[in-house]
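Coordinates in review
In case you want the letters, here they are:
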Amino acid sequence: MLTINLFNGLVYGTLLIVMCSGLALIYGLRRVVNFAHGSLYMLGAYIGYSVAAHADFWVALFVAPAVMAAIGVVLDRYGFRLLQDRDPLTVVLVTFGLLLVIEDFVQTVWGKSNLSLATPDALNFAVNLFGTQVPAYRIGVIVVGAAVALGLSLWLRFSRYGLFVRAASTDPTTTSMQGVNTDALSAGVVGLGTALAGLAGVVSAPFMSLSPSMSADVIIDSFVVVVIGGLGSLAGAFIAAMVLGMVQAVGAVYLPDASVLLPFVLMVAILIWRPAGFAGSRT
Amino acid sequence: MNNYVLQAEDVAIHYGGVKAVDGVSLTLEKGQIRGLIGPNGAGKSTVIDAITGRRRLTRGKVMLGTEDVSALGVVDRRMRGLSRSFQRTSVFGQMSVRKQVELASHKMGVSDSAADADAVLEELDLRPLANVIAEDLGYGEQRRLDLALALVGHPSVLLLDEPMAGLSVQESHDLAHHLTALTSRRDVSVLLVEHDMDVVFGISDVVTVFELGRVIASGAPSDVRADPRVREAYLGSAA
Amino acid sequence: MSIQRMSLNTLAALVIGAVIALTVSSGTVLSLLTQAIIYAVFAIGVGLLLRQNGMVSFGHALYFGAAGYGIGIILQLGLMPAELAIVVTLAAIAIVGLLFGLVIVRVPGIAFGMLTLAIGQMFFLTASRARGLTGGADGMSIDWPSTLFGISQSVLLRPANLFMLCWIVLVGIILLLALLLRSRFGSITEAVRDNEERARFIGISTLLPRAAVYALSALVTGVGGVLSALNTGFISPESLHWSLSGMTLMMVVVGGYKALWGPALGAVVYFLFKDILGDYADHWMAIFGIALITVIVFSPTGIAGALQKLRFRHQATPAKAAVSSH
Amino acid sequence: MTALLKVDRINAFYGAAHILHNLSLEVRAGERVALIGRNGVGKTTVVNTLLGLARLGEGQIRFRDSEIRKPRPYLAAQHSIVVVPQGRRIIANLTVEENLVLGAATGRKGPWTVPEIYKLFPILQERAHTPGTALSGGQQQMLAVGRALMANPSLILLDEPTEGLAPVIVDQLATIFNRVADQGTALLLIEQNMSLVVRVAHRYLAMAKGAVVASGEVNNSRDGLKDLEAHIMV
Amino acid sequence: AKNTDPVRVGLVSSKSGVFAQQGEEVIRAVQFAIEEANARGGIDGRKVEVSEADDEGTPDAGRRAAEKLARDGYNLLIGPIPSSISLALAPNLERWDAAYFVVASKSDKITGDTCKPRAFRTNHSDAMDIAMIGEWAKNFKEKTYASIAADYVWGHDSSESFAKAVKAQGKEVKIQLYAPMGTKDFSPYIAQLKDAGVDAIWVAEIGRDAIAFVKQAQEFGLVPKTRLIGHALIQNFMVAATENALEGTQGTTAYTPDIDTPRNKAFVAAWQSKFSRLPTDNEAQAYNGAQVMFEGVRKAGSAKPADVAAALKGASIDTIYGTVTMRAADNQLVLPNFVARVKPMDGTLRPVIEQTFAPNLTPAPSALCKM
Ligand SMILES: Nc1ncnc2c1ncn2[C@@H]1O[C@H](COP(=O)(O)OP(=O)(O)OP(=O)(O)O)[C@@H](O)[C@H]1O
Ligand SMILES: Nc1ncnc2c1ncn2[C@@H]1O[C@H](COP(=O)(O)OP(=O)(O)OP(=O)(O)O)[C@@H](O)[C@H]1O
Ligand SMILES: [Mg+2]
Ligand SMILES: [Mg+2]
């Protein structure tokens, strides 16, 4: 029983990682708290749905994030970049407006009904994990999440561009003064972050249903994660995502009455204990 | 008994492994100006942080007059007359110059805070800028405003962290004059951290030299200036 | 602004309200305006926090909804007369606001917004799952007595009267806040907002002023909640939901929060615009979203900011220009 | 020889505030120019305009042969012009070493490498793996200079590099600036400390109210010092 | 002269928000009913006019939208989905001079403490569903049960009534789980349900949650191994959104096209000729509500809300459910109730009625309702 609960926590945690690393990256570089991130996740899922319907799930897994990346680049170029000197709050509200537009768009194109995407055949079987049957697809989700986490960490830690990204997330102007084209860098990072939202959307589609209101579900959890983790900190977000995934999965079983409040209790407790979140020790 | 207005005893502040300040004792007498110099990173700003309560002490204690203020917060220390300026300018960006200086004076319980504020603004040549929003001031002007915020409200002890930095030579000299006048007129004691040697040696009654978080020399300006250790560690060609 | 100017403006505002109440005969328009004014009060609460503390709350719906729930529960249980229930509820909101404030204002920046969001959502979820008295997710109706403050409910709820009542409350709140912010309390909170550390070094303990502003903004929001409870006679968990806070924040920014009355203007614009959209478009979300983006992008200081700029254009060059030429 | 930096009658603004008025200056390869003037005359604004941090109105900026119509912070560095900014601007979440590596973002090769910088400032090597902002003010200034050198630039703009530095360090920096210049890198030194100007610069430009009002050779003598100081006491 | 004021319908439902899908169905069906009435020359010669508004799924926006319609003269209101909106509208009807026909909200409060002379419920109440469960449970074959329900009033009521009903049959309920509304990942609950090893599971989940639960139950192999019994689960949109996962599942249903009454046959035929498909449960209930409204106008000989309300009180009405009564004590339409099973029928998978419970199973009016 505990095994399966931990497994479930791991699945949701890794999904949150994919979702939140995008949110954290975009916040890091653009200081934008992107309320539309959930909608981008939704858009990714819907695009994935359509691609899968015409081609194949595996094609969708690559096409949807690619399309989303392009959207992200455009969003940065014609949105965030033009607003970079503005009060962060106004940018928040711009993303709020964007959320409405995307939601309307999704409703118009795909309708208001719930849609569902079938689990790809190749992963539509059960695996015996320490004596419990778990769906192979969910193991796939964990693999994707882990790959994203590992890939991003290594990239940021050891690559040249990773260094630029880390520098620019603290002080874009000074980074730029060293000759780093931060405009291009931001566009790339927002594109990457948006692609990750799309990836999370496609990956979750086979086990969660698609509906125009699905964005609201994840955006709050994602905020909880990035805030607990320390805004803009990827490592913090990874830890927070796993903690939240576990807390939800295990809480639903052992503390059923409080489980729905747990993420918020966690967030309040952590912020009061440590106002800048896990990773916010130095500010 | 002594008549120290400020006494730091064996003060230490460690950041993890870095011993920024490691067992420093300092005193200030009434109306005295003590210059505090030392190489970059010697712990001068940190000592000011320790005395004003911005950083928690790792060790030691701080006495203001006869009272041990080590456990008090920043606000309580200021209310007891301990005032400071900042190495990195720190003002209220959205408020007008006069409004913030007057507020600072009022907070200290000065009955005619408007007059007090005006006097300080006058002394620092900020009168013509009184109605300007701080954000719109130039860098040097902001530094003077920072100083004004420390000077109002008749503090008894002033801790100034490089007040001359960013000022022109003329302005530095004016400020130096102003400080000496202040100490004699208002009986204010000053701890002056400064890299402008002309100023430090010119107006200090005593000079203390830091290196690596410890006091390496202390005494009359001329003695300190002549100290070979100080020359080597700090003064170089300015000696 | 001088005291005379202020009293003059207040008087003018009241007269305008009376003229609207007397001349507009359409119940639809009056009830729309009433609704807008109620949210204007709410928005002023949120705007106050932003203006005076520099803090963004995504959780103020908590106090809006709490007012309705507080009164609803008290009346349902018959604990005290409705008039007293209003006072007690508002006092409770102010106290709770202060206590919360003392704990949460220490959290900086956008994390504060998220924290308020979390706290608000906790109450939303608790209210949704509750059973019994409050009706959980279905909500509860508020049993107002047949007379309130000596006025019979049917008279009070007549569109023109209710509008006038809400208008007077709104004008009163703006006036009181304007007076309060002229006082030392105003400067202190501004100083703390601008530079908390420096404020401490000029002898201001920063926690209490921040918490006080938070409590005050909660209280103002609570007043909006009371008016809403009176207008709708109903309360449900949606009134606690963060999206309501988000919507109000939208009004605040669109209206412009640098001026005290900006958020109120934002609320009115919001409702009028939404009403027009409701009539003509199936795609109100997209239109609304685009309109929101447009307003924010082209008018960074909100409508109030734009209006003020327009007014200042006639007046002399700003002080700075005169100074820097010395 | 063409100018590395040529600024021709530029006007610059912060919001609506008009700060620079038809200001012109030019730095050629290998030159050592000082830009002096009292507080608030707009020295930093000159730098900010080149970087696109202040709004450029009328006027022309050229980096080497290219005209820069829309200045952005990275363009200068890409044209081999780097800035040691006033206030240092060390990046807080990077270590000392990473801050240095970041300085080499343009990838231009030259004499300056991380080990070379460490030789110049041994303290930086001691603190190589601590966060850049855990350094004291003076140490941060060394890091900022080191970072600029890492770009192996042909021109360095130094905005009040000795502000807040101990006299020994100022001596050290003066030596270093001279060494750098001897290796062929041009310097534009913005300073209020005239003793440094006298030790480093060959030519000066004095600013007042957003324009260059005087210029000349730096006379390395006591009188020269007095002359220069007169410019900033206006 | 005969008064032929038009009948003005205020159609308020969700065009956006969580209930947008059901809202779409309701709007479609009410419009259908109106077109049909107008095609027949109106209601006793009265043209039916309609104005629509979006309630966004929240009581506040719903109330605002309804008030505007009512004050503009479209004061025969119909359409909201969640009970919260219905409860927010009811107390204002007199003030707005409106009447309101509930077609989808099930809360007992609507016909309980919040009952109003001008609010009529034309669909089943929770109490009616629950009363049926006791009867229905007598036929259950399995020995051990579990339940999973939405964590709010309705879910708890459902789950507890179910537990009571099966315990009365001497059977065992091993666990009762409640999942918060908006749960996306049901795996922790499914793990517990699997672990409990029961024969059948009572499911009282709604909307997206229900879809997610069913899909994930299938993913983890909980279904089809373990039988699901659904409370309001086997709705048409659910069946459509979960592919074949619900095939064979039994559950309560408010309507299926198989109901054997003349008016229903006519309705289904007309619907099919227009949309080339069968009406869904939500559509039929909304259509039914509009029919009741029109019947009120007919009986009152007036389109004024007060007259319509007076005429409907205690009236006997011919509907797609047969001839039923609008109970005078609480304005609840007393309807038969149904249990159905999801089966392939004429090429589509849909609920098909297996058992009908007579209207007399409807519990007595709530004592809290004082009109
Ligand atoms: N937050 C911190 N974490 C770790 N070390 C720190 C921190 N702040 C300062 N230090 C270290 O403490 C020492 C003393 O710093 P401090 O700022 O007091 O020096 P200073 O004498 O004021 O120097 P300067 O003249 O350059 O301003 C330095 O070595 C510095 O690196
Ligand atoms: N962000 C800003 N917005 C508006 N005005 C500004 C801004 N920054 C500087 N100024 C104004 O521009 C003028 C020039 O400032 P600048 O910083 O260029 O001076 P400076 O010569 O570098 O002075 P310092 O020696 O103090 O560094 C000053 O009068 C200042 O008030
Ligand atoms: Mg220092
Ligand atoms: Mg400068």
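Above this text sits the structure in question.
Presented here is a report on the structure given in the accompanying data block. (Residues numbered from 1 in each chain as written. Chains lettered and ligands numbered in written order. Predicted model: local features only at pLDDT ≥ 70, side-chain atom pairs only at ≥ 80, totals over all residues. Heavy atoms only, no water.)

Observations regarding the packing of aromatic side chains
- Enumeration according to the criterion identifies 44 aromatic pairs over all chains in this entry.
- Both rings, one in Y63 of chain C and one in Y214 of chain C, keep their centres 6.0 Å apart while their planes meet at 80 degrees; by these two values the pair is edge-to-face. Note that Y63 of chain C is positioned in helix α3 (residues 61-77) and Y214 of chain C in helix α10 (residues 207-232), a separation of 151 residues in sequence. In this pair, the class of Y63 of chain C matches that of Y214 of chain C, namely buried.
- Judged by centre distance (4.3 Å) and plane angle (40 degrees), the rings of W271 of chain E and F275 of chain E are tilted. Residue W271 of chain E and its partner F275 of chain E are both found in helix α10 (residues 262-275); the two are separated by four residues, about one turn of the helix.
- Classification of W271 of chain E by relative accessible area gives buried; the value is 0%. (Phe/Tyr/Trp six-rings, centres within 6.5 Å; stacked < 30°, edge-to-face > 60°. Helix = DSSP H or I, 4+ residues; strand = E, 2+ residues; numbered from the N terminus. Buried < 20%, exposed > 50% of the residue type's maximum accessible area, 1.4 Å probe, protein only.)

With respect to the sheet that holds strand β10 (residues 214-219) of chain B
All names here are of chain B.
- With respect to topology, six strands assemble into an open sheet ordered β6-β7-β8-β3-β9-β10, the strand pairing being mixed. Each of the sheet's edge strands pairs with one partner strand only, and the pair in question is β6 (82-84) and β10. Averaged over neighbouring strand pairs, the angle between their axes works out to 20 degrees when direction is ignored.
- Inspection of the sheet shows strand β3 (residues 33-37) paired to strand β8 (residues 189-193) by four bridges, in the parallel sense. Considered in β8, the bridge of L36 is made with V193.
- Where helix α1 (residues 44-52) meets the sheet, it contacts β3, β6, β7 (157-161), β8 and β9 (206-211), and its direction lies at approximately 150 degrees from that of β7. (Pairing = 2+ DSSP bridges. Axes fitted to C-alpha atoms, helices over the stretch in contact; angles between N-to-C directions. Contact = heavy atoms within 4.5 Å.)

What about the coordination of the magnesium ion (ligand 4)?
Residue and element names in this part refer to chain D.
- Around the magnesium ion (ligand 4), the protein contributes the donor atoms T44 (OG1) and Q86 (OE1), at 1.8 to 2.1 Å from the metal centre. Of this pair, T44 sits in helix α1 (residues 43-51) while Q86 sits in the loop between β7 (81-84) and α3 (96-103), placing them 42 residues apart in sequence.
- Classification of T44 by relative accessible area gives partly exposed; the value is 24%. (Donors = N, O, S within 2.8 Å, 3.2 Å for Na, K, Ca; no water.)

Observations concerning the side chain of D76 of chain A
All names here are of chain A.
- Mapped onto the elements, D76 comes out in helix α3 (residues 57-80).
- Looking at D76, its side chain comes within polar contact range of the side chain of R30, at 2.7 Å.
- In this view, D76 contacts R30, R81, D183, S186, A187 and V190; residues no more than four positions away in its chain are not counted. (Polar contact = N/O pair within 3.5 Å; in protein donor to acceptor, adjacent residues only side chain to side chain.)

Side note on the site of ligand 1
- Lining the immediate surroundings of ligand 1 are 19 residues, of which K44, S45 and T46 of chain B together with A134 and G138 of chain D lie closest.
- At 3.1 Å, a side-chain N or O of R127 of chain D approaches an oxygen atom of ligand 1.
- At 2.3 Å from an oxygen atom of ligand 1 is found a main-chain nitrogen or oxygen belonging to A134 of chain D.
- Contributing elements (two or more residues each) for the shell around ligand 1: α1 of chain B together with α6 (137-150) of chain D.
- When the residues that make up the shell around ligand 1 are grouped by side-chain class, the tally is five nonpolar, eleven polar and three charged. (Near = heavy atom within 4 Å. Nonpolar A, V, L, I, M, F, W, Y, C, P; charged D, E, K, R; others polar.)

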